[in-house]
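Analysis of the macromolecular model
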Amino acid sequence: VEGDTVTLAYLAPPGRTPAKFPFTVDSLAHVWPESTPYSDPASPCNLDVTCYPAYSSAAAAVVEYEFVADDGTGTYSCSGAMINTRRGSLKPYLLTANHCISSDSEANSMQVYFLYQTPQCNAAPPSRSSVPSVLSGTYVAGAGIPNGDFSLVLLHDVPGGVTFLGWN
């Protein structure tokens, strides 16, 4: 949610008034606005994929996500790619790094942003609140840095227009 205020509402099923909420909010994270300036020495190396039309299909498979780390150190942002099964099932598998997502609780805390490329070459990126996103995933498998640094997460949903990359 962009901004400093969030309203959380719970609508009980008709005719029921629960004694307590069926969930708890055990933590919150404040993420600084995207417009916050920061120094990134790699900036000159980051190319706008919209300037390279040959990569538009592959770019539609790339996601950015935020998650809450298990070790309590905070909320982080990482990237990954949607991959297809060999049979072409379009099951929403996300391939990412294990140094980012290494447990089911981290996968469950994910908010995944899709199709966030610039609208034209070297234009300003869209606001996160304006692109499709999904919440939560299930950790399927992974290995740490010595063994490839990968994680496979099954997302609960995926919006239309997303590309799934092939592999073998």
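For the structure itself, consult the block above.
Calculation rules
- Residues numbered from 1 in each chain as written.
- Predicted model: local features only at pLDDT ≥ 70, side-chain atom pairs only at ≥ 80, totals over all residues.
- Heavy atoms only, no water.
- Helix = DSSP H or I, 4+ residues; strand = E, 2+ residues; numbered from the N terminus.
- Buried < 20%, exposed > 50% of the residue type's maximum accessible area, 1.4 Å probe, protein only.
- Contact = heavy atoms within 4.5 Å.
- Areas by Shrake-Rupley, 256 points an atom, 1.4 Å probe, with all protein chains shown as cover.
- Lys, Arg positive; Asp, Glu negative; His and termini not counted.
- Charge placed at Lys NZ, Arg CZ, Asp CG, Glu CD.
- Pairing = 2+ DSSP bridges.

All right, on to the overall build of the chain then. Along the chain, the regular secondary structure elements total two helices and seven strands. What you see in the chain, going N to C, is helices and strands ordered as α-β-β-β-α-β-β-β-β. When its C-alpha atoms are laid out on the principal axes, the chain stretches across 55 × 40 × 35 Å. Out of the 168 residues in the chain, the part that is buried amounts to 26%. Nonlocal contacts in the chain, meaning residues at least 24 apart in sequence, comprise 60% of its contacts between residues at least 6 apart. Total accessible area on the chain is roughly 11,400 Å²; 57% of this is exposed by carbon and sulfur atoms. For the chain, the distance from the average position of its 6 positive side-chain charges to the average position of its 14 negative side-chain charges is 18 Å.

On to the pairing of strand S7 (residues 150-155). Bridging between strand S3 (residues 93-96) and S7 involves four bridges; their strand directions are antiparallel. Among the inter-strand pairings, Leu-95 is bridged to a residue of S7, identified as Leu-152. As defined by bridge partners, strand S6 (residues 137-143) adjoins S7 across six bridges and the pair is classed as antiparallel. Considered in S7, the bridge of Tyr-139 is made with Val-153. Between S6 and S7, which follow one another and run antiparallel, lie six residues, and Gly-148 among them has a positive phi close to 115 degrees.

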